[in-house]
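Residues per chain, in single letters:
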Amino acid sequence: MILFTLQTLVLGLLLLLFSRRSGRFNLYSCLFAVSWTVAVLTIRVIYGVDHASFYSSDQSSQLELLRKFEREGFAFSLDQIIGTRYIVVIPAWLLKSFGLDPLLAFKFLQGLCLILTYRVCTDFISHQGLKIKLWHAILFSGPLFIFLSVLGLRDLQIVLCVSYFFLGKTPTMRFFALCASVLLRPHLTAALIFGWLISLWFARHPIKRMPIAVTALTVGGFVAGGYGYAIGGFLKYQIKYDVPFVFTQRAWWRFFANILGLQFLTFGDDVVKMSISQLLVLRLFFIDTFLIPSLFILTLLNQNLKSSALRTQVYVSFVFFLGLATQTNFNSSRQNLPFLSIMGVLALLGIQQRKISETTDQPTRREIESWKN
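Caption draft 1: Up close: the overall build of the protein chain. Scanning the protein chain from terminus to terminus reveals 17 helices and zero strands. Counting only residues that meet the buried cut, the protein chain has 48% of its 373 residues in that class. A sequence separation of at least 24 residues applies to 71% of the contacts in the protein chain between residues at least 6 apart. For the protein chain, the exposed surface amounts to about 19300 Å²; the carbon and sulfur share of it is 65%.

Put into structure tokens, the structure is as follows:
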């Protein structure tokens, strides 16, 4: 426990130092580094050597992949590279080679990716002329992101790839981010490519009637995702092709549940282990699970707001992804996390643009007096 504590404190300090930019510390990143350190140590104290059991069995699975890599070494097979998650396991293995606790290595990588995601998002927002405030972080690096950063998983590596693909400045790095997403979650990459292709069409044919267009994009993208799941399963696993249930009440109930962060209401006790009351209370803490999608949809539907091609691309990719995910029982806010950061950024910009528009359109006192006369 003493060695683990020392390692955690050192890694927390590294996260703190990494938050420096131009010789200055960022308040959010500093608070996160402290929170990450305290949370990791708390989990270790409460669960002891079995701290990998906290939250789910996924952390144990991640450790097993690391042990498999140590036993078998590198395999030049795309299935092995993806299945063994080399893009996450190899960096953790390198850290473990220096004596770091293996699960702690995974957690540190998660924390590092959250700081990088925050940096990518804030750089984009600042470039749009909006001054960053601390509370803005809840829309792209909020409670759910912080919670997952203290787990030895891969979610925030995926978030970083998707965030840079949409918001990154360098085209070459955006391409590498897309390639990295293939190695982390291939069906997510399919959704990103689908959204990009649709955005190319809309770049030449701007959206005029937003509510009608959003309805068409929603139905089309969701159905395409459902059929994509069925076709992909048939081609990859040679399983029997079944027509996806995309035109059923259950499918669309799952769709709207995702927008509100209430996916657990669409599954039974065999999938959801906690009670509904417990999960509802957790949603009050993880407010970003429903706040971000809701605000993003509102800014998308706002007819007074000029819709950007990026906003449309993100929405189509998200809907296509939901069409894939809702065909399985692996559908949760954690699965949607890669889209939450980018949707939060665009929602924040949409709200700001709306305020500027209202201020610009508001008549001055002199104009009002002239109208009275």
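Caption draft 2: Focus on the pattern of salt bridges. Under the definition given, this model contains six salt bridges. A salt bridge links Glu 70 to Lys 96; its shortest N-O distance comes to 3.0 Å. Placement of Glu 70 in helix α3 (residues 58–72) and of Lys 96 in helix α5 (residues 86–97) is noted, with a sequence separation of 26 residues between them. Residues joined by salt bridges that share partners form a network here, namely Asp 58, Asp 155, Arg 185 and Arg 334.

Caption draft 3: Spatial organisation of helix α14 (residues 288–301). Compared with the 20 Å implied by 1.5 Å per residue over 14 residues, the 20 Å span of α14 between its first and last C-alpha is a close match. Here α14 has its buried residues at Asp 288, Thr 289, Ile 292, Pro 293, Phe 296, Ile 297, Thr 299 and Leu 300. In an axial view of α14, the angular spread of the buried residues amounts to 165°, which keeps them on one side of the axis.

Caption draft 4: Molecular detail of the confidence of the model for the protein chain. Summarising the model, the protein chain shows a mean pLDDT of 83, and 87% of its residues fall at 70 or more. Taking the mean pLDDT of every element in the protein chain, the minimum, 42, falls on helix α17 (residues 365–372) and the maximum, 95, on helix α8 (residues 155–167). Confidence drops under a pLDDT of 50 for residues 364–373, and excluding neighbours within four residues, the segment shows two contacts in the predicted structure.

Caption draft 5: Molecular detail of a nonpolar patch on the surface. A surface patch of nonpolar side chains, about 450 Å² in accessible area, is lined by Val 10, Leu 13, Leu 14, Leu 17 and Phe 25. Here Leu 14 is to be found in helix α1 (residues 2–18). On the accessibility criterion, Leu 14 (40% relative accessible area) is partly exposed.

Caption draft 6: Inspection of the side chain of Gln 59 at higher detail. Residue position: Gln 59 is located in helix α3. We classify Gln 59 as buried; its relative accessible area is 0%. A polar contact of 3.4 Å, which involves the side chain of Gln 59, links it to the backbone oxygen of Ala 52. Only 2.7 Å separates the side chain of Gln 59 from the backbone oxygen of Phe 54, close enough to count as a polar contact.

Caption draft 7: Seen up close, the nonpolar core. Of all hydrophobic cores here, the largest spans 101 residues; its most connected members are Trp 36, Phe 166, Leu 167 and Tyr 315. Among the elements that make up this core, the one with the highest residue count is helix α6 (residues 102–127) (14 residues). Not counting residues up to four positions away in its chain, the partners in contact with Trp 36 are Thr 8, Leu 11, Gly 12, Leu 15, Leu 104, Lys 107, Phe 108, Gly 111, Ser 149 and Val 150.

Caption draft 8: Seen up close, the packing of α14 against helix α15 (residues 309–325). It is at 11 Å that the axes of α14 and α15 come closest, and there the two elements cross at 130°. The orientation of α14 with respect to α15, classified from their angle, is oblique. Note on packing geometry: the crossing formed by α14 with α15 is left-handed. Residue-level contacts link Phe 296, Ile 297, Thr 299 and Leu 300 of α14 to Arg 311, Val 314 and Tyr 315 of α15. For the contact of α14 with α15, the per-class residue count stands at five nonpolar, one polar and one charged.

Caption draft 9: Just α1, in detail. Taking 1.5 Å per residue as the helical rise, α1 with its 17 residues ought to reach 24 Å, and the 24 Å between its terminal C-alpha atoms agrees with that figure. Of the residues making up α1, those classed as buried are Phe 4, Gln 7, Thr 8, Leu 11, Gly 12 and Leu 15. Down the axis, α1 shows its buried residues gathered within 135° of arc, on one side only. Along α1, the residues that are exposed and aim more than 90 degrees away from the buried face are Ile 2 and Leu 3. Among the structural elements, α2 (27–47) and α6 are those in contact with the buried residues of α1.

Caption draft 10: Up close: unusual backbone geometry. Residues other than glycine seldom take positive phi values, yet Arg 85 does so here, at roughly 55°. Positionally, Arg 85 belongs in the loop between α4 (78–83) and α5.

What counts, and at which threshold
- Residues numbered from 1 in each chain as written.
- Predicted model: local features only at pLDDT ≥ 70, side-chain atom pairs only at ≥ 80, totals over all residues.
- Heavy atoms only, no water.
- Helix = DSSP H or I, 4+ residues; strand = E, 2+ residues; numbered from the N terminus.
- Buried < 20%, exposed > 50% of the residue type's maximum accessible area, 1.4 Å probe, protein only.
- Contact = heavy atoms within 4.5 Å.
- Areas by Shrake-Rupley, 256 points an atom, 1.4 Å probe, with all protein chains shown as cover.
- Salt bridge = Lys/Arg side-chain N within 4 Å of Asp/Glu carboxyl O.
- Expected span 1.5 Å × (residues − 1).
- Arc of directions from axis to C-beta.
- pLDDT = per-residue confidence, 0-100.
- Patch = residues over 30% accessible without salt bridge, like charges linked within 9 Å, V, L, I, M, F, W, Y side chains within 5 Å.
- Polar contact = N/O pair within 3.5 Å; in protein donor to acceptor, adjacent residues only side chain to side chain.
- Core = buried A, V, L, I, M, F, W, Y, C linked by side-chain atoms within 4.5 Å.
- Axes fitted to C-alpha atoms, helices over the stretch in contact; angles between N-to-C directions.
- Parallel < 35°, antiparallel > 145°, perpendicular 65-115°, else oblique.
- Left-handed = near helix turned anticlockwise from the far one by under 90°.
- Nonpolar A, V, L, I, M, F, W, Y, C, P; charged D, E, K, R; others polar.

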